[in-house]
Amino acid sequence: MSIPVPQPGILNITPYVGGKSKAGDAPVVAKLSSNESPLGPSPKAVAAIEAMIGQLHRYPDGGAAALTAAIAEVHGLDPARIICGNGSDEIITLLNSAYVGVGDEVLFTEHGFLMYAISASAAGATPVRAAEMNRTADVDALLAAVTDRTRIVFLANPNNPTGTYISDQEVRRLRAGLRDDVLLVLDAAYAEYVTKDDYRPGKELVEAHDNVVMTRTFSKIYGLSALRLGWAYCPAAVTDVLHRVRGPFNVNALAQAAGVEAVRDQAFIEKAREHNDKWLPILTQSLRGMGLEVTPSVGNFLLIDFRDSGKTAAEAEQYLSAKGLLLRAVAGYGLPTCLRMTIGLETENHAVIEALRQLLGK
Ligand code: PMP
């Protein structure tokens, strides 16, 4: 007897499990498990969705022209090189489905974002991980891991779940060490949170080279995770390829309408950045003060290592969860001793710190 068999690689995939949104029987007090913005979206984006409610029987604009124009205007980009997607997850998947197949390798860092491995495997390619240095991308290790079969290098900068980044100079060194036919994808999902002078999301590199793509999202600082909206800035030839393989209406109309308003409301984004800037050092210090190891983060989340705390990450996760405080277990990222905490509202942050103090007796 024979059964339908999926393409090679598919059955090697461990399905992606998102951050928890339930705390068992306890009411959720703080959902800090998915790097969402505690401030939510711009009220202008919400109003744009409300204004669309009478139009739900109409298909969206397949080319997302108004949204693309707004992104281009705000970021100073060429609209012809922008492609929007159903989350940046879709863009990552489209890149893999268009550029890799059986026998190819897709390279990323040791604790790199999980979707790179999942979508590379779905396309039949082999995911390859390069060692990190201090939980940070190591350009030399990445370059050493490139083979004749490497087709794409994904660099989450900053990376999830580590929160670390590499400088523009290091990204340039990485690109310069790659063959011209290897695509370098700079995943800048958390770019808006980074306030370091030596950081660049990737626009200049995309414009200077035919093999660099930058991906962005409305799920993080824009607070629109539910809508699934991301975009990429690409060399013209890559944009052309992605338009050929995407679904004809891959970005829904509500996401398009909200995205236009959200990207234009940079004053709102500034507030979200300020909130993050304020809490990142406070939380880092409080956690370190309890003897926990915290990886220096430039994103909207912290990687907390319980290795020397006397408790396991699983015990801490359970203890917090019973109090309705949801953090993210990251064993699937090769970090079994850690939890990832998204920066929340003031009360949420205090609640986690207080609960951890109790757990650790500090
Ligand atoms: N890249 C990174 C580094 C992420 O952390 C995430 C969200 N978890 C994504 C991409 C995907 O985001 P989205 O599909 O919501 O745009």
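Reading the values: rules and limits
Residues numbered from 1 in each chain as written. Predicted model: local features only at pLDDT ≥ 70, side-chain atom pairs only at ≥ 80, totals over all residues. Heavy atoms only, no water. 1 Å grid on protein atoms, 1.4 Å probe; cavity = no way out; pocket = protein on both sides within 12 Å on 5 of 7 lines; lining within 4 Å. Points joined across faces, edges and corners; volume = space filled by probe spheres on them. Nonpolar A, V, L, I, M, F, W, Y, C, P; charged D, E, K, R; others polar. Pairing = 2+ DSSP bridges. Helix = DSSP H or I, 4+ residues; strand = E, 2+ residues; numbered from the N terminus. Axes fitted to C-alpha atoms, helices over the stretch in contact; angles between N-to-C directions. Buried < 20%, exposed > 50% of the residue type's maximum accessible area, 1.4 Å probe, protein only. Arc of directions from axis to C-beta. Contact = heavy atoms within 4.5 Å. Domains from an automatic or database assignment. Buried area = accessible area lost by both parts, 1.4 Å probe. Salt bridge = Lys/Arg side-chain N within 4 Å of Asp/Glu carboxyl O.

## What to know about empty space enclosed by the protein
Line of reasoning, step 1. Counted by the stated rule, this structure contains 2 cavities of 30 Å³ or more.
Line of reasoning, step 2. The calculated volume of the largest cavity comes to roughly 50 Å³.
Line of reasoning, step 3. In this structure, the largest cavity is lined by 13 residues; those nearest its centre are Thr-136, Ala-137, Ala-156, Asn-159 and Thr-164.
Line of reasoning, step 4. The residue inventory of the lining of the largest cavity, partitioned by class, reads 5 nonpolar, 6 polar and 2 charged.
Line of reasoning, step 5. A volume near 30 Å³ is recorded for the second largest cavity.
Line of reasoning, step 6. Forming the walls of the second largest cavity are Ser-37, Pro-38, Leu-39, Tyr-193, Ala-272, His-275 and Asn-276.
Line of reasoning, step 7. Of the residues belonging to the lining of the second largest cavity, the class tally is 4 nonpolar, 3 polar and no charged.

## Some points on the sheet that holds strand 5 (residues 150-156)
Line of reasoning, step 1. Strand order in this open sheet of 7 strands is 2-8-7-6-5-3-4, and the pairing throughout is mixed. The strands lining the two open edges of the sheet, one partner per strand, are strand 2 (82-85) and strand 4 (126-130). Recorded for the sheet is a direction-independent mean angle of 20 degrees between the axes of neighbouring strands.
Line of reasoning, step 2. The pairing of strand 3 (residues 105-109) with strand 4 spans 5 bridges and is classified as parallel.

## Regarding helix 8 (residues 236-245)
Line of reasoning, step 1. Along helix 8, the residues that are buried comprise Val-238, Thr-239 and Leu-242. Relative to the axis of helix 8, the buried residues are bounded by an arc of 100 degrees and lie together on one face. Exposed side chains of helix 8 directed beyond 90 degrees from the buried face belong to Ala-236, Ala-237 and Arg-244.
Line of reasoning, step 2. Where helix 8 is buried, its residues contact strand 2, helix 3 (88-99), strand 6 (183-187) and strand 7 (212-217).

## Brief notes about the domain arrangement of the protein
Line of reasoning, step 1. Domain parsing of the protein yields domain 1 (10-40 + 267-360) and domain 2 (43-265).
Line of reasoning, step 2. On a C-alpha basis, the centres of domain 1 and domain 2 stand 24 Å from each other.
Line of reasoning, step 3. With 34 residues of domain 1 at the interface, the matching set in domain 2 holds 32 residues.
Line of reasoning, step 4. Buried surface at the junction of domain 1 and domain 2, summed over both partners, amounts to about 2,700 Å²; 63% is from carbon and sulfur atoms.
Line of reasoning, step 5. When the buried surface of domain 1 facing domain 2 is broken down by residue, Ile-269, Val-298 and Tyr-333 rank first, second and third, together holding 26% of it.
Line of reasoning, step 6. Joining domain 1 to domain 2, the criterion identifies 1 salt bridge.
Line of reasoning, step 7. Of the charged contacts, one joins Arg-135 and Asp-305 as a salt bridge, the two residues approaching to 3.0 Å between their closest N and O atoms.

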